[in-house]
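Observations on the model geometry
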Amino acid sequence: MQLTKSEEKTLDGEKGEVCQKAMEILATLGDIYNADKLIEIQSVQVAGVSYKTIGDAGIEFLNDMKGEKVRVPTQLNPAGMDLEHWEKQGVPKKFAKKQKQILEIFKEMNINIKCTCTPYLTGLPHGYGQHLAWSESSAVSYVNSVIGARTNREGGPSALAAALIGKTPNYGYHLKENRKPDITIKVEKELQNSDYGALGRIIGREVGNQVPYYILKSKPNKDELKGLGAAMAATGAVALYHIENQTPENSQFKKPKNTINVTKKQIENEYQGSKENIDLVALGCPHLSPNQLKTIEKLLKNRQTKKETWIFLPREIKNKMQNTVQNITESGAKIITDTCMVVSPLEEIGFKKIMVDSGKAATYIPSMCNAEVTYSNLKECIEVACNEN
Ligand SMILES: C/C(=C\C(=O)O)CCOP(=O)(O)O
Ligand code: SF4
């Protein structure tokens, strides 16, 4: 990869050790992926924030990157706990201490401590055609596909390096030729809500890291699109998809001939697990939008939850929707911010069987939380939450 004179100097250490390390990460990635140059980015989202996922080795890495401030607006992926109510969440003190240490390091770098996987709902700059360096796979899929911005799926270290330099190597989804669809997906059933997560699970497994082009019988709303993308990135590595007559780049490329047909039966078969012995109903993977929170408020109206019911969303949305939050809390459900059902230590807290309405959570929870999972739709989740058995 060709560096400018000033970038060369950064690589030689003229701007200090931290910038040198950051530039080394970017230059190495650029060389591996044959990037021609570094390009400026509008924003960064850094994953690898939870102590559960990065551990002490992660803290060591972050300590090595201390001493410089980020050069573009930067937000974080969910941390391992609600930063205010972690004790109520049952998070062990030792874990909380380490988690706070991690966030202090990010704060010192001038990173905005909004810990969410839906940064497109919390003011992180992004727009059609803009270059970004985002990490969390569902956020990457959403911003590439639904918005038409351009980002690769960055790892935690490469995202942090991009934030410190304000640039990223020009390869992968930053280039138009890599945004063309590889395979057509035809779905025979009209879908709604978590059906899109079910579809995403099927297609992620089938297509790996290819770019799917969907022909659908129904038109997904934005929340359904985030569920679809999240699930495809969990069972596969899909970072970009197009939907005929809907997503912003859909008409810019030829429709691929190679086609997968998805049947009603296949979608139905994705739902899994029994409704017995559920000890946690967990909603908000990816983090909820205001509309989704309103829907949950309606479903819980005049009802009481009988099981632990945790609802995950960005702190910013919680703060803006005080009345809704109060109504939901009065039903017995807990509103949790800054973290999620996958990266908080649910296994240490002691949950054994978790019910979700998210295709991504259903895929990750067994391995990441050592718990059984039941995957159903939102209404069923609320029914089970309010049911004694
Ligand atoms: C491991 C996860 C997040 C993190 O470490 O910040 C949750 C899954 O994220 P992916 O980006 O889908 O791997
Ligand atoms: S809530 Fe889901 S989408 Fe968001 S970070 Fe956690 S696992 Fe990823």
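Residues numbered from 1 in each chain as written. Chains lettered and ligands numbered in written order. Predicted model: local features only at pLDDT ≥ 70, side-chain atom pairs only at ≥ 80, totals over all residues. Heavy atoms only, no water.

**Concerning the UniProt feature "domain: Phosphomevalonate dehydratase large subunit-like" (unreviewed entry) in the protein**
- Feature annotation in UniProt assigns "domain: Phosphomevalonate dehydratase large subunit-like" (unreviewed entry) to the following positions: residues 1-383.
- Taken end to end, residues 1-383 comprises 42% helix and 14% strand; its first and last C-alpha atoms sit 55 Å apart. (UniProt positions renumbered as here; feature names shortened; annotations may be inferred. Helix = DSSP H or I, 4+ residues; strand = E, 2+ residues; numbered from the N terminus.)

**Focus on helix α3 (residues 51-64)**
- Its 14 residues give α3 an end-to-end C-alpha distance of only 17 Å, which falls more than 12% under 20 Å, the value for a rise of 1.5 Å per residue.
- At A57, α3 shows its maximal kink, close to 65°.
- Residues Y51, I54, G55, G58, I59 and L62 constitute the buried set of α3.
- Those residues of α3 hidden inside the fold are in contact with α5 (93-108) and α7 (156-165).
- If you check the start of α3, you find a side-chain oxygen 3.0 Å away from the backbone N of K52, and it comes from S50. (Expected span 1.5 Å × (residues − 1). Bend = angle between axes of the 7 residues up to and from the residue. Buried < 20%, exposed > 50% of the residue type's maximum accessible area, 1.4 Å probe, protein only. Contact = heavy atoms within 4.5 Å. Polar contact = N/O pair within 3.5 Å; in protein donor to acceptor, adjacent residues only side chain to side chain.)

**Regarding the sheet that holds strand β9 (residues 242-243)**
- Here four strands make up an open sheet; going across it, the order is β9-β8-β7-β10 and the pairing parallel. For this open sheet the edge positions go to β9 and β10 (259-262), each flanked by a neighbour on one side alone.
- Of the strands in this sheet, β7 (183-187), β8 (212-215) and β10 touch helix α8 (residues 195-207), which is tilted by about 150° from β10. (Pairing = 2+ DSSP bridges. Axes fitted to C-alpha atoms, helices over the stretch in contact; angles between N-to-C directions.)

**A short note on the environment of E8**
- Mapped onto the fold, E8 is located in helix α1 (residues 5-11).
- With a relative accessible area of 34%, E8 lands in the partly exposed category.

**Considering the packing of α8 against helix α9 (residues 222-235)**
- The geometry of α8 relative to α9 is characterised by a closest axis approach of 7 Å and an angle of 30° between their N-to-C directions. On the basis of their axis angle, the class for α8 and α9 is roughly parallel. Relative to α9, α8 is oriented so that their crossing is right-handed. Side by side, α8 and α9 meet where Y196, G197, L199, G200, R201, I203, G204 and R205 of the first sit next to E224, G227, L228, A231, M232 and T235 of the second.
- Considered class by class, the residues forming the contact of α8 with α9 number six nonpolar, five polar and three charged. (Parallel < 35°, antiparallel > 145°, perpendicular 65-115°, else oblique. Left-handed = near helix turned anticlockwise from the far one by under 90°. Nonpolar A, V, L, I, M, F, W, Y, C, P; charged D, E, K, R; others polar.)

**Some details on helix α6 (residues 137-147)**
- With respect to burial, α6 is a largely interior element, 10 of its 11 residues being buried.
- Taken as a whole, α6 has its buried residues at S137, S138, A139, V140, S141, Y142, V143, N144, S145 and V146.
- Taken together, the buried residues of α6 touch β2 (44-46), β5 (133-134), α9 and α15 (359-369).
- Just downstream of α6 lies G148, where phi reads positive at about 85°.

**Some points on the site of ligand 2**
- Lining the immediate surroundings of ligand 2 are P78, C117, E136, S138, G284, C285, P286, C340, V342 and K360.
- Residues of the shell around ligand 2, tallied by class, amount to six nonpolar, two polar and two charged.
- No fewer than three residues from each of domain 1 (5-176) and domain 3 (280-385) sit in the shell around ligand 2. (Near = heavy atom within 4 Å. Domains from an automatic or database assignment.)

**Comments concerning the pattern of salt bridges**
- Following the criterion strictly, the structure yields 23 salt bridges and no others.
- Here D56 makes a salt bridge to K98, at a shortest N to O gap of 3.1 Å. A residue pair is termed long-range when its members are at least 10 positions apart, and D56 in helix α3 and K98 in helix α5 qualify at 42 residues.
- R315 is paired through a salt bridge with D82; the nearest N and O atoms lie 3.4 Å apart. Of the two residues, R315 sits in helix α12 (residues 315-320) while D82 sits in the loop between β3 (74-76) and α4 (86-89), which places them 233 residues apart along the sequence.
- What emerges from the salt-bridge pattern is a single network uniting D82, E84, R315 and D338. (Salt bridge = Lys/Arg side-chain N within 4 Å of Asp/Glu carboxyl O.)

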